[in-house]
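# Observations on chain architecture
Next come the chains, spelled out residue by residue.
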Amino acid sequence: MTSRGRFITFEGPEGSGKSTHIRRLAARLEAAGHKVLLTREPGGTPTGEAIRRILQHDATGEPISPEAELLLFEASRAQLVRHVIDPALASGTWVLCDRFMDSTTAYQGYGRGFDIETVLDINRFAVAGCEPDLTLLMDVDIRESLQRMEGRNRLNQTVNDRIEREDVAFHERVRAGFLALSQKWPRRIRVIHAMRQEDEVAASVWSAVSGELSP
Ligand code: Z5A
């Protein structure tokens, strides 16, 4: 019988290096002989990617209410879990996901101000027991996060999306929210200090993964 794969999520403020380090970890796990699937939220399925376009750029031209925003993130997640993550884990694949349920608690709960227990309940409904084995919280201060996003936008000639345009106080609440979650679930959520050189951060990511999950 195939043993179940492992489920690892990356969380943190924008520009904290999630995409960079998820790719590095995938390469290292593959080199160690694991089958790895990389995915992201919102997105990762055709339905989820359509939801992502609506969420990031007000694609309909109509302002999105905070309630609709919360439910759209959860709808993308419900689809991703059932169509991608659960089947992959069942076939023994390691799943690495760029953002997952803790982002909703941090952004819509702590950031927008929805009741945290309500957000946690809706998360539970969406994931139906498919919770991460390990979450790497890439922590950077918000000034650094905003500087990195500016640098990335200059390089790629892109502009900030709808949520990135929120004010500094919003992003500070989100960061504090992530840190509060890491205190609530210290075994699952490991804080990685992501303001160091990229190689040092990658070493901490690997040490958390290999120590916790013995790849
Ligand atoms: N959102 C939500 O509100 N609720 C939810 O439930 C979910 C999401 C799931 C998704 O954005 C948005 O949706 C996000 C939260 C919200 N919005 N905000 N704001 P996304 O997926 O498009 O993007 P992101 O998750 O915010 O991250 P990002 O922009 O892709 O950044 P990143 O992946 O964390 O970082 P990166 O791309 O690896 O690196 C960013 C830059 O920093 C890049 O130029 C790197 O070369 C540089 N970098 C990386 N590491 C370092 C180090 N160590 N030193 C210096 N520079 C570095």
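Our subject is the structure that appears above.
For the structure given in this document, a descriptive report is provided here. Please read these numbers as outputs of a predicted model, since none were measured by experiment. (Residues numbered from 1 in each chain as written. Predicted model: local features only at pLDDT ≥ 70, side-chain atom pairs only at ≥ 80, totals over all residues. Heavy atoms only, no water.)

Here the focus is unusual backbone geometry. As a rule of thumb, non-glycine residues mostly have phi less than zero, and peptide bonds are mostly trans rather than cis. E41 connects to P42 through a cis peptide bond whose omega is -15 degrees. Positive phi, normally seen in glycine, also occurs at R99, with a value near 75 degrees. For R99, the location among the structural elements is in the loop between β3 (94-98) and α4 (101-111). Using a relative accessible area of 14% as the deciding quantity, one classes R99 as buried. Even without glycine at this site, Q157 takes up a positive phi of about 50 degrees. With respect to the helices and strands, the residue Q157 is situated in the loop between α6 (142-156) and α7 (168-184). (Helix = DSSP H or I, 4+ residues; strand = E, 2+ residues; numbered from the N terminus. Buried < 20%, exposed > 50% of the residue type's maximum accessible area, 1.4 Å probe, protein only.)

Attention now moves to the site of the ligand. By nearness alone, 27 residues border the ligand, and E14, S19, T20, R99 and T104 come closest of all. G15 is positioned such that a nitrogen or oxygen atom in its backbone is 3.0 Å from an oxygen atom of the ligand. At 3.4 Å from a nitrogen atom of the ligand is found a side-chain nitrogen or oxygen belonging to R148. Look at the ligand: alone it shows 1,100 Å² of surface, and the protein chains cover 84% of it. For the ligand, the cavity whose grid points lie within 2 Å of the majority of its atoms is the largest pocket. Elements with a minimum of two residues in the shell around the ligand: α1 (18-31), α2 (46-57), α3 (66-90), α4 and α6. Here the shell around the ligand takes 4 residues from α4, the largest share from any one element. Among the residues making up the shell around the ligand, the classes are represented as 6 nonpolar, 10 polar and 11 charged. (Near = heavy atom within 4 Å. Polar contact = N/O pair within 3.5 Å; in protein donor to acceptor, adjacent residues only side chain to side chain. Areas by Shrake-Rupley, 256 points an atom, 1.4 Å probe, with all protein chains shown as cover. 1 Å grid on protein atoms, 1.4 Å probe; cavity = no way out; pocket = protein on both sides within 12 Å on 5 of 7 lines; lining within 4 Å. Sits in = over half its atoms within 2 Å of the grid points. Nonpolar A, V, L, I, M, F, W, Y, C, P; charged D, E, K, R; others polar.)

As a working rule, side chains carrying opposite charge can pair if their charged atoms are close by. Enumeration according to the criterion identifies 17 salt bridges in this entry. The shortest N-O distance in the salt bridge between R188 and D102 comes to 2.8 Å. With R188 in the loop between α7 and β5 (189-193) and D102 in helix α4, this residue pair connects regions lying 86 residues apart in the sequence. R188 gets classed as buried once you look at its relative accessible area, which sits at 11%. The partner of E144 in a salt bridge is R148, with the nearest N and O atoms 2.8 Å apart. Of this pair, E144 and R148 are both found in helix α6, 4 residues apart, which corresponds to roughly one turn of the helix. When salt bridges that share partners are traced, they join E69, R112, R162 and E166 into one network. (Salt bridge = Lys/Arg side-chain N within 4 Å of Asp/Glu carboxyl O.)

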